Amino acid sequence: MQPELETPVRVRFAPSPTGYPHLGNIRTALFNWLFARHWGGKFILRIEDTDVTRKVEGATETILDSLRWLGLNWDEGPYFQSQRLHLYHEAADKLLKKDHAYLCYCSPERLDIMRREQMKRKQPPKYDRRCRYLSQQEKKQLETSGITPVVRFKTPFEGETTFHDLIHGSLTFKNNTLDDFILLKSDGYPTYHLANVVDDHSMTISHILRADEWLSSTPRHMLLYQALNWQPPQFAHLPMILGPDRAKLSKRHGATNIADYQKQGYLPEAMINFLVLLGWSLDDRTELLSQEELIKHFSLERVSKTAAIFNKDKLEWVNGVYLRKLSPEEFVQQAMPFLDRDLPPSVKRPLDSGYTHQVMPPIQERAKTLAEVSQLSDFFFLDELQYDTQLLLSKSIEPTQATQIIQVALQRLEAVKLWNTTSLEDILRPLAAELNLSTGKFFGLLRVAITGRTAAPPLFQTMAVLGKERCLKRLSEALQRLCSFNQNSKT
RNA sequence: GCCCCCAUCGUCUAGGGGACUAGGACGUCAGCCUUUCAAGCUGAAGACAGGGAUUCGAAUUCCCUUGGGGGCGCCA
């Protein structure tokens with residue numbers, strides 16, 4: 001599998017700008033990139049914009065942005081097929097001249113009707129090759145008819161096409177199951193098959209690493225290489241990434257665009273680590289690999305043949321691991337834009353950097369994505385806490401008792417001079433005993449009063465960061481809540 | 001309908017004739033730690049799709065069946 005020494009590794013990522021790149025596209029890009037980096041070859045970017053009707057504005061820029069975000073830097077390109085039309089016409093002319101192709105005047109309507117009927121008769125939908133058998137006279141007539149023809153390939157009727165795939169091994173297709181596919185459309189643009197073969201040849205691509213969905217068009221491509229008398233590259237068809245319903249990944253699977261993952265606060269390193277494990281493994285235990293390790297160890301031999309189902313839970317786990325590996329400074333830096341974006345507008349901007357640094361350490365341990373950060377930490381930033389007063393009343397604490405407890409706590413805390421994690425613990429822990437309460441009950445009550453929720457970072461640390469003033473204010477507010485709650489329940 | 005690919009725990013995978021009582025990870029469950037949550041630690045449940053064949057021996061090789069996926073466009 002080691003590339004021949006005389007053929008330098010040149011691989012390409014060739015998306016079409018008809019939508020935003022999804023996980024599968026990016027995984028293909030990643031494998032190509034890793035393969036190039038591993039062998040010291042070139043990673044080439046080519047935009048296959050030959051379908052004028054499906055072109056999506058901004059898609060190319062999104063593709064480039066996504067690759068940049070992930071650090072999948074390219075060495076050449078992006079090339080645009082729409083700017084290379086002369087190459088495809090040249091090849092089509094060559095094929096026409098060598099009698100490997102012919103002009104076809106059939107209308108899309110005729111082809112459509114034909115296909116429908118074939119389907120109805122449960123037959124494989126194939127072009128009937130009508131224009132392949134046109135008489136000289138018919139040809140002349142059609143030439144002057146004003147119809148712009150397409151160019152079709154003359155697929156051999158007999159024989160079979162065999163090629164070697166680096167992942168699947170030797171594969172054979174019977175030629176009579178293929179039809180005369182179109183090379184050049186009537187708008188002058190090439191189809192995928194022609195453009196792909198021409199470009200891979202002219203860019204001296206050494207290995208084609210693409211998704212399995214292309215496997216069945218490979219014999220067509222082989223036939224083209226033969227007809228053009230070109231040496232084909234090596235093929236490696238990568239397993240597909242499927243949605244949880246086992247179907248090809250698409251919009252209805254929710255977030256499949258790679259850009260969405262950026263917005264949701266996944267780190268590019270985590271994304272890469274996760275994606276590489278979808279179809280490749282180092283051994284029987286390694287889950288976490290750095291970029292350097294990936295480049296060092298990546299090989300097609302360890303690419304699996306089976307399609308993988310995208311598993312979001314594992315992605316979240318990987319991302320959590322990478323998030324926790326960040327230094328506190330790096331984490332704050334990464335989290336800032338998300339806080340700025342997601343915290344309620346009532347929190348004044350710009351955010352206090354020093355304060356945010358104090359808040360983030362316990363959040364870093366808990367966040368699976370950066371988008372969760374604001375949600376996990378908003379009570380540190382908010383002036384007014386919104387929560388259900390019921391939270392102050394656990395099964396075992398009565399409203400009057402809760403009121404008393406908070407009053408006592410408030411009293412003691414008001415007197416505190418040195419406000420830090422240890423001093424708070426030194427005061428509150430004995431107080432639990434004094435009140436004859438379990439720490440769980442006591443701290444739990446205070447936690448709700450201080451944070452407005454039952455699950456939060458450690459209490460003393462939280463209080464220390466919030467500061468004395470804010471804590472006392474929140475305790476008073478809790479008392480008020482209990483007060484009005486008592487009145488309401490009396491009436 | 002035709003052609004092609006694929007088949008190990010729910011999911012990602014290790015496995016290339018004996019090292020398999022089938023290993024790891026996510027998730028799940030239980031316990032520990034603990035002021036809650038998270039993290040961490042320990043443990044548990046959990047798979048070779050089925051049937052033939054080859055072989056002293058098969059998750060591993062071959063065949064069939066079944067299941068899943070992909071392709072069959074003037075889309076890529």
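Residues numbered from 1 in each chain as written. Chains lettered and ligands numbered in written order. Predicted model: local features only at pLDDT ≥ 70, side-chain atom pairs only at ≥ 80, totals over all residues. Heavy atoms only, no water.

A. Fine view of the confidence of the model for chain A. For chain A, the mean per-residue pLDDT works out to 94, and 98% of the residues sit at or above 70. This prediction of the complex comes with two scores: 0.94 for pTM and 0.95 for ipTM. (pLDDT = per-residue confidence, 0-100.)

B. Main features of the pattern of salt bridges. For the structure on display, the rule yields 25 salt bridges. A salt bridge links Arg 68 to Glu 61; the nearest nitrogen and oxygen atoms lie 3.5 Å apart. In this structure Arg 68 comes out as partly exposed when scored by relative accessible area, which is 45%. By relative accessible area, which is 42% here, Glu 61 ends up partly exposed. Of the charged contacts in the structure, one is a salt bridge between Asp 128 and Arg 110, with a shortest N-O distance of 2.7 Å. Here Asp 128, found in the loop between α4 (108-120) and α5 (136-143), pairs with Arg 110, found in helix α4; they are 18 residues apart in sequence, far enough to count as distant. Judged by relative accessible area, Asp 128 falls into the partly exposed class, the value being 37%. (Salt bridge = Lys/Arg side-chain N within 4 Å of Asp/Glu carboxyl O. Buried < 20%, exposed > 50% of the residue type's maximum accessible area, 1.4 Å probe, protein only. Helix = DSSP H or I, 4+ residues; strand = E, 2+ residues; numbered from the N terminus.)

C. Summary view of the protein's contact with RNA strand B. Within the structure, RNA strand B sits among 66 residues, and Lys 122, Lys 185, Arg 366, Arg 447 and Ala 456 are positioned closest to it. Considering RNA strand B, the proportion of its atoms within 4 Å of the protein that are sugar or phosphate atoms stands at 73%. Here a base oxygen of RNA strand B and a backbone polar atom of Pro 458 are 3.1 Å apart. If you list the elements that add at least two residues to the surface near RNA strand B, you get α4, β7 (169-174), β12 (308-309), α11 (312-325), α13 (353-366), α17 (439-451) and α18 (459-466). Here the residues of the surface near RNA strand B are counted per class, giving 27 nonpolar, 16 polar and 23 charged. (Near = heavy atom within 4 Å. Polar contact = N/O pair within 3.5 Å; in protein donor to acceptor, adjacent residues only side chain to side chain. Nonpolar A, V, L, I, M, F, W, Y, C, P; charged D, E, K, R; others polar.)

D. Quick peek at the sheet that holds strand β2 (residues 42-47). The strand order across the open sheet built from three strands is β1-β2-β3, with neighbouring strands paired in parallel fashion. Every other strand in the sheet has two partners, leaving β1 (10-13) and β3 (76-80) as the edge strands with one partner each. The average undirected angle you get between the axes of adjacent strands in this sheet is 25°. Looking at chain direction, β1 and β2 are connected through four bridges and run parallel. Following the sheet pairing, Val 11 is matched in β2 by Phe 43. In the packing of helix α2 (residues 59-70) onto the sheet, the strands contacted are β1, β2 and β3, and the crossing angle to β2 comes to about 160°. (Pairing = 2+ DSSP bridges. Axes fitted to C-alpha atoms, helices over the stretch in contact; angles between N-to-C directions. Contact = heavy atoms within 4.5 Å.)

E. Spatial organisation of the nonpolar core. The biggest cluster of nonpolar side chains holds 62 residues, and the ones touching the most others in it are Met 360, Phe 381, Leu 392 and Phe 442. When residues of this core are assigned to their parent elements, the largest contribution, seven residues, is made by α17. Of all hydrophobic cores here, the second largest spans 46 residues; its members include Ile 26, Leu 34, Leu 209 and Leu 300. (Core = buried A, V, L, I, M, F, W, Y, C linked by side-chain atoms within 4.5 Å.)

F. Structural context of the packing of aromatic side chains. A complete count under the given rule lists 14 aromatic pairs for this structure. Between Phe 35 and Trp 39, the aromatic rings sit 6.4 Å apart at their centres with planes inclined by 65°, giving edge-to-face as the arrangement. With Phe 35 and Trp 39 both in helix α1 (residues 23-39) and four residues apart, this pair spans about one turn of that helix. Judged by centre distance (5.8 Å) and plane angle (85°), the rings of Tyr 355 and Phe 381 are edge-to-face. Placement of the pair is Tyr 355 in helix α13 and Phe 381 in helix α14 (residues 373-381), with a sequence separation of 26 residues. Clustering of aromatic rings is evident, with ring pairs tying together Tyr 261, Tyr 266, Phe 274 and Phe 310. (Phe/Tyr/Trp six-rings, centres within 6.5 Å; stacked < 30°, edge-to-face > 60°.)

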